[in-house]
Amino acid sequence: LEAIAARARGNMELEPAPKGGAGDEAMEDPNLVPEGEAVVYEEELLANPYSLKLWLRYLQIKTTAPFAQRRMLYERALKALPGSYKLWNMYLRERRDKIKKKCITDKSYESLNNTYERALVFMHKMPRIWLDYTKVLLTQRLVTRTRHVYDRALRSVPITQHDKIWKQYISFAKQAKVPEMAQRVFRRFMKMDPDMVEDYVDYLLKHEQWNEAATLLAQALNRDSFQSKKGKSKHQLWIELCDICTKHAQDITGLKVEPIVRGALRRFSDDVGRLWTALADYFIRLGHFEKARDIFEEGINTVVTVRDFSMIFDAYTQFEETMISAKMQEEGEDEEDPDGDELNVEGDDLELRLARLQYLLDRRPELLCSVRLRQNPHNVHEWHKRVRIFEEQDAPEKVIKAYAEAVQTVDPLKADGKPHSLWVAFARYYEDADDLDSARDIFTRATGVNYRSVEDLANVWCEQAEMELRHDEFEKAMAVLHKATMVSDKVSRQKDHASLPVQQRVWKSTKLWCMYADLEESLGTLDSTKAVYERMIDLKVVTPQILINYAHMLEEAKFFEDSFRVYEKGVNQFEWPLSKELWLAYLSKFVTRYAGKKIERARDLFEQALEKIPMAESKPVFILYATLEEEHGLVKNAMAVFDRACKNVLPAERFDLYMTYIAKATEFFGVTKTRPIYEAAIQHVPDARIKDMCLKFADLELVLGEVDRARGIFQYGSQHCDPSGKDEAFWNKWHAFEVRHGNEDTFREMLRVKRSVQLQFTQQHVNTTDATTALLDQGPSKRTKVVNEMEELERQMMNDQMQRLVEQPNQSRGGDIVAVGGEAEVVRAPMESRNTDEIDLDADEEEDEGESAKRSKQQLGSMAIEEREVPSSLFGGLKGDGDEEPKDALARFQKS
């Protein structure tokens, strides 16, 4: 054991400890003598001193031992294994942790530095040791020594691991607050990784090294392979370079700023306004004010967006205002010091600067219009606006120049607007100046332009003719239109005119022909006007309105048959609906002209019109036809026309037409002849108007005293009226009718029908969910069958009721009625008849009827009912001579 302790003391002497330090304590520490398990490890180490695992296990069991013992073990192990990275790393980390809380001036730090130097003799290829060493030195604030260690590390570590050193080295250079040293470090680093130029540029900008930062950024942008490590685009880097160069004009000496900014202007069109402003600001900072004005003017005259223009114009005006303010301040200082010896080289140019600013502000609308025209040179509206600006400035030369530039620049095929309006306005400008020859020359040139559509060229010809008319040159106006409408037979016979130039298709313009016809009608003869209209008809450029005008002209000239021939050509040439106005005008004019003289011809015309006109649009023709027959033909034919009309027009129009039909039938044949019309109306009007027709039919029967027929009509109409809905007025009227003309049985029948109809509507509108579910359960085939059967049953019931109504005898007239058709056939009604549609009511329903009857009696008792004698023929043979029957319904109810 004493030998082992001596050997340990010999190892401790490898690194002399400071006097009075931990080394002396370790030499005098009695715990250095191994005891217990340590003796076993010491014996094994004597046998195998180069086993790393053995040393590590020995250090592990000494985890709780004093630092002096562990330090002695580390030193012995490193003496045996000086090339072990693991031992050196553990030893150095433990030494660092031991002195972490000590002052940086303590001698233990210097001892640790010496230990790192010893470790680097063997571990100079390990970057981790170098980096830990630099952190220790930086903790001691040894900047120069740290920099030397970084340099030694870069010389020792393989180049593949230099990135680990440089990352910490750059961070150290930024924190050192020694710009010159940091710049040298960055320059060395840039030789290894040029793409990291952004970090160096940021450092230079932070320390206001503008020239070098701009130079490095420009060199990076000139490399096509450069990719930003911070994710910036080339656009962002260019803008950043331009901002650096223009905002620090005095400091940039190694670059030509203007070519750089102009290069950015060519590359990036989104920030043109900002770049022009930046370039002007660069010259302003250099004091080159005239050059700055040139840059502003160039920018205003080249930008193509309003946003960029506004940016440059605002900067330009601010620059001029600043120049004026500076001059005024300078003059104020000169007034305070009148004896100053400084020579005023620039002179008094305040008025000139004010004039420049005013001129700039006055030019703003013109400049803005130029920007929009550069954006779209084919914008016709902007060209007109530009001309108005010059007209407000009273500058005829600019107006003419603007018009000439406009007609030369605008392509009619690409124009946004009406390009012919530029030519017309150009000619009118000369016309207003009383220069008709120049105006005619402009119109002549305008007619040779290849416009996009025929209407543009036609407008030019029409404007030229109107110009001649304004100056009373009627013959020249006629000649212009004649020239415009000239067309060869070869061209007119061609089927495909789309491939022809617009000058050879202008004869198809209706506007041009209409103006030509109006001029001929006003200034020419009847024959020349007819020739123009006939030429239009031959070329098929007419419209229905033109034919109506032509016919009207012939009518005024007393050429009635010629006008009717024009109508005939029109209705044969145009299909419906274009021929609608022609037919109506033709028929009305013919009837007005001949009245009943040519009735057969008129009837043929009406029949032809009804064949060609759709039934949905035929109502006016039917009314006109019926009026003709009524006034000049046979009333029977008029009724037949009304009957055809009511069955062929739209369902929505049938009710009103039937009412007109009934009114006419009443006027000519009496009210008794209206019954078949009412019956037909009930069958043909829409369901929503059946109740209205039934009410009018019932009123008619009441007027005639046919009470039972009126009741039958009420029963038929009730099938289409919901008692609880909007049709309550129908039921109220039926209720009043039964109170006035009925008895207890008829009143009960009315209540039964009301309940039945109400139940029907309730099942249709309320219980739709249950019905739908049941139908879905039955399947599609059976559901369709049930629906069809129900519809057929309802239709049969309604037809039966209507048939019984027709065949029902007249009770109030002894049981005989005249048939609906008006013939003399007499039908005898049976004494008793049974309702085949009667519904068997159970006891509960009879009780409900009894209660309803009681309530009805109470209501009738409080009502003022008009009494009327009931004819004896109403009761037939049921009533004896001696029986006294109550006279009114109220008394009969009270008796029952």
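The written sequence of each chain sets the order in which its residues are numbered from 1. Totals for whole chains, interfaces and linings use all residues, but because this is a predicted model, local features are given only for residues with pLDDT of at least 70 and pairs of side-chain atoms are given and counted only at 80 or more. Calculated side-chain values reflect all of the structure's heavy atoms, with hydrogen atoms and water omitted.

Attention now moves to the overall build of the protein. Strands are runs of DSSP state E lasting at least 2 residues, helices are runs of H or I lasting at least 4, and numbering of each runs from the N terminus. For the protein, the helix and strand inventory stands at 45 helices and two strands. Buried positions account for 42% of the 896 residues belonging to the protein. Note on contacts: a residue pair is in contact if any heavy atoms of the two residues lie within 4.5 Å. Pairs at least 24 residues apart make up 55% of the contacts formed inside the protein by residues separated by at least 6 positions. Type-normalised accessible area, obtained with a 1.4 Å probe on protein chains alone, sets the label of each residue: buried when under 20%, exposed when over 50%, and partly exposed for intermediate values.

Okay, the packing of aromatic side chains next. Two aromatic rings are characterised by how far apart their centres lie and by the angle between their planes. Any Phe, Tyr or Trp ring, taking Trp's six-membered ring, that has another such ring centre within 6.5 Å forms a pair; planes under 30 degrees apart are called stacked, those over 60 apart edge-to-face, and the others tilted. Inspection of the entire model under this criterion finds 35 aromatic pairs. For the pair F186 and Y200, a centre-to-centre distance of 4.9 Å together with 10° between the ring planes defines the contact as stacked. Here the residue F186 occupies a position in helix α11 (residues 179-192), and Y200 occupies one in helix α12 (residues 197-206), the gap between them amounting to 14 residues. Of the residues examined, Y200 reaches a relative accessible area of 1% and is grouped as buried. Here Y567 and Y586 contribute two aromatic rings whose centre-to-centre distance is 5.4 Å and whose plane-to-plane angle is 15°, an arrangement assigned as stacked. In this pair, Y567 sits in helix α31 (residues 560-573) while Y586 sits in helix α32 (residues 580-594), placing the two residues 19 residues apart along the sequence. Residue Y586 is classed as buried on the basis of its relative accessible area of 1%. Connected via pairs of aromatic rings, a cluster forms that spans F564, Y567, W583, Y586, F590 and Y594. Note on geometry: a ring has a charge over it if NZ (lysine) or CZ (arginine) is within 6 Å of the ring centre and within 35 degrees of the ring normal. The aromatic ring of F283 is capped on one face by K291, whose charged end is 5.6 Å from the ring centroid.

What follows deals with a negative patch on the surface. On the surface, a cluster of negative charge is made up of E391, E392, D432 and D434. The topology assignment puts D432 in helix α23 (residues 420-432). Patches here: salt-bridge-free residues with over 30% relative accessible area, like charges joined within 9 Å, nonpolar side chains (Val, Leu, Ile, Met, Phe, Trp, Tyr) joined within 5 Å. Each accessible area is a Shrake-Rupley result for a 1.4 Å probe, and residues are judged covered by the shown protein chains and nothing else. Salt bridge, as used here: a side-chain nitrogen of Lys or Arg that lies within 4 Å of a carboxyl oxygen of Asp or Glu. Asp and Glu count as negative and Lys and Arg as positive, but His and the ends of the chain are not part of the count. One atom stands in for each charge, and that atom is NZ of Lys, CZ of Arg, CG of Asp or CD of Glu.

Within the fold, R440 resides in helix α24 (residues 436-446). For R440, the side chain forms a polar contact with the side chain of E468, separated by 2.7 Å. Side-chain atoms alone can form a polar contact between residues adjacent in sequence; in general such a contact is a pair of N or O atoms within 3.5 Å, and within protein one must be able to donate a hydrogen while the other accepts it.

Inspection of the entire model under this criterion finds 50 salt bridges. Between E701 and R675 there is a salt bridge; the shortest N-O distance is 3.0 Å. Of this pair, E701 sits in helix α38 (residues 690-703) while R675 sits in helix α37 (residues 675-684), and the two are 26 residues apart along the sequence. Put simply, R675, E679, E701, E706 and R709 are held in one network by salt bridges that share partners.

Here the focus is the nonpolar core. In terms of nonpolar packing, the biggest core is built from 136 residues, with W513, M536, Y567, Y658 and M693 touching the most fellow members. Residue contacts for Y658: discarding those within four places in its chain leaves C646, K647, I677, A680, A681, H684, V685 and M693. The term nonpolar core refers to a set of buried residues drawn from Ala, Val, Leu, Ile, Met, Phe, Trp, Tyr and Cys, joined through side-chain atoms within 4.5 Å.

Another aspect to go through is the environment of N450. Following the sequence through the fold, N450 ends up in the loop between α24 and α25 (454-470). For the pair N450 and L413, spaced 37 residues apart in the sequence, the C-alpha separation amounts to 8.1 Å. Leave out the neighbours within four places in its chain, and N450 touches P412, L413, V502 and Q503.

Further remarks concern the environment of Y625. Looking at where Y625 falls in the secondary structure, it is placed in helix α34 (residues 619-632). Taking the C-alpha atoms as reference points, Y625 and V641, separated by 16 residues in sequence, lie 7.2 Å from one another. Apart from the residues lying within four places of it in its own chain, the contact partners of Y625 are R603, F606, E607, L610, V641 and R644.

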